Amino acid sequence: MVSSSVASSDASSLSSIGTEYTSAIDGVSSWQGDSFDSLSSQSQSVVSSFINVVKSQLESFASACSSYESYKSYKDAYDTALGKYDAATGEAKKPYATEMETFSGKMTTYKNEIMSALSSISTKLEATSIPTKDLSSGKVLSYGSSSGIVQGAIDWALAIAADDSHGYSQQTRWGNPNYDCSSLVISAYEAAGLSVKEAGAGYTGNMRSAFTQMGFEWIPGNPDVSTLQPGDVLLNEGNHTEMYIGDGMNVGAHGDRDGVNGDSSGAEISVSDYYAFPWDGVLRYVGNDSANV
């Protein structure tokens, strides 16, 4: 079993790797210009995103290891108390029975912590992939091999939610480094290969017009969750938008928690249960659902 200290050390070392990489890229001074700046920015962005997700996974793994170490300690104490309980008779059994009950409760607590940490790792792994980019233009051509437009948009949005270097902001809302509700959904479908931003999508008030130009149908009315499909864009044209991802869950940018870049709370951009916001309707993609179109 890897110790929590080793896993924590590995997570910390990733930050220095990222710093060394950035320094090496910036140290190329023999040629500069727009092409260098574009390649430098894009390569650093991809590496930074990868490092942030892996670091988060290692930190969760370190937490699982730490909880296991505590669990094992109480398991050993429980086994010791059980041995004494079996050897005792009559009233002498009672204190050992009490100890066993206490230790059992502690074991359950740490077992739940382990499962929670491992579940977090699994969610982040499933949400993570590297986009394919045209390095001359910076445009994301596809996200997640040939997964299709809708799944590509979902995968991209989940990856942003899993990467806490991105938080909520209406000032730096186009991934530099943050998003707000509309720029997150717009960028997700842009990343999947649909030029909804070029069609005019910029905020909740004009998303309906732009998205319907790009193969979406408008389904008016506040939907019942049972009628929704993964990739549906839930839209209140005056206030808010999120993306439905299936299984009664949304992904969305919900609000700034601390006034700084990134998502220190993990809740600014996140997956949550579907909720009955007063949605005006749903934008559903009914076009050609294949990547790179």
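For the structure itself, consult the block above.
The residue numbering used here restarts from 1 in each chain and proceeds along that chain's sequence as written. Predicted model: local features are reported for residues with pLDDT of at least 70 only, side-chain atom pairs are reported and counted for 80 or more only, and whole-chain, interface and lining totals are derived from all residues. Based on all heavy atoms of the structure, the side-chain values leave hydrogens and waters out of the count.

A. Quick look at the nonpolar core. W156, Y189, V196, M207, F211, F216 and V233 are the most contacted members of the largest nonpolar core, which totals 35 residues. Where this core is concerned, the elements lending two or more residues are α4 (149-162), α5 (181-191), α6 (204-213), β3 (216-220), β4 (233-236), β5 (240-246), β6 (249-253) and β8 (281-285). Segments assigned H or I by DSSP are reported as helices when at least four residues long, segments assigned E as strands when at least two residues long, and all are numbered from the N terminus. No other element matches α4, which puts 9 residues into this core. Contacts were defined at the residue level, with two residues in contact if any of their heavy atoms lie within 4.5 Å. When neighbours within four sequence positions are excluded, Y189 is seen to be in contact with I149, V150, A153, L194, V196, F211, F216, G231, V233 and M243. Residue types Ala, Val, Leu, Ile, Met, Phe, Trp, Tyr and Cys, when buried and joined through side-chain atoms within 4.5 Å, form a set referred to as a nonpolar core. The buried label applies to any residue whose accessible area, calculated with a 1.4 Å probe on protein chains only, is under 20% of its type's maximum; exposed applies above 50%, and partly exposed to all values in between.

B. How the structure looks around α4. For a helix, the expected span equals 1.5 Å multiplied by the number of residues minus one. Here α4 is 14 residues long and its end C-alpha atoms lie 20 Å apart, about the 20 Å a rise of 1.5 Å per residue gives. For α4, the buried fraction is high: 13 of the 14 residues fall into the buried class.

C. Inspection of the packing of α4 against α5 at higher detail. Following both chains from N to C, one finds α4 and α5 inclined at 130°, their axes separated by 8 Å at the closest point. Accordingly, the angle class assigned to the pair α4 and α5 is oblique. Relative to α5, the crossing made by α4 is right-handed. Contacts between α4 and α5 pair I149, V150, A153, W156, A157 and I160 from the former with L184, S187, A188, Y189 and A191 from the latter. Structural elements are reduced to axes, namely lines fitted to C-alpha atoms, with helices fitted over the stretch in contact, and the angle between N-to-C directions of any two is expressed from 0 to 180 degrees. An angle counts as roughly parallel when it lies under 35 degrees, as roughly antiparallel when it exceeds 145, as roughly perpendicular when it falls between 65 and 115, and as oblique in every other case. For any helix crossing, the convention is left-handed if the near helix is rotated counterclockwise from the far helix by under a right angle, and right-handed if that rotation is clockwise.

D. Examining α5 more closely. Counting buried residues along α5, 11 of its 11 residues qualify, which places the element largely inside the surrounding structure. Along α5, the residues that are buried comprise C181, S182, S183, L184, V185, I186, S187, A188, Y189, E190 and A191. Positioned one or two residues after α5, G193 has a phi angle of 115°, which is positive.

E. View of the pattern of salt bridges. Every case where a carboxyl oxygen of Asp or Glu lies within 4 Å of a side-chain nitrogen of Lys or Arg is listed as a salt bridge. Taken as a whole and assessed by the stated rule, the structure comprises 6 salt bridges. Here K72 and D76 are joined by a salt bridge, their closest N and O atoms 3.0 Å apart. Taken together, the positions of K72 and D76, both in helix α2 (residues 34-87) and 4 residues apart, correspond to about one turn of that helix. Classification of K72 as partly exposed rests on a relative accessible area of 36%. Under the relative-accessibility criterion, D76 is labelled partly exposed at 37%. In this structure, D232 engages R284 in a salt bridge whose closest nitrogen and oxygen atoms are separated by 2.8 Å. With D232 in the loop between β3 and β4 and R284 in strand β8, this residue pair connects regions lying 52 residues apart in the sequence. Taken as a pair, D232 and R284 share a single burial class, namely buried.

F. View of the packing of aromatic side chains. For Phe, Tyr and Trp, where Trp contributes only its six-membered ring, two rings pair if their centres lie within 6.5 Å, and the inter-plane angle classes them as stacked under 30 degrees, edge-to-face over 60, or tilted in between. Following the criterion strictly, the structure yields 12 aromatic pairs and no others. Ring centres of Y275 and F277 lie 6.2 Å apart, and the angle between their planes is 90°; this geometry places the pair in the edge-to-face category. For Y275, a relative accessible area of 28% corresponds to the partly exposed category. Its relative accessible area of 22% is what places F277 among the partly exposed residues. By the criterion adopted, a ring carries a charge over it if an Arg CZ or a Lys NZ lies within 6 Å of its centre and within 35 degrees of its normal. Taking NZ or CZ as reference, K93 lies 4.2 Å from the ring centre of Y85, over its face.

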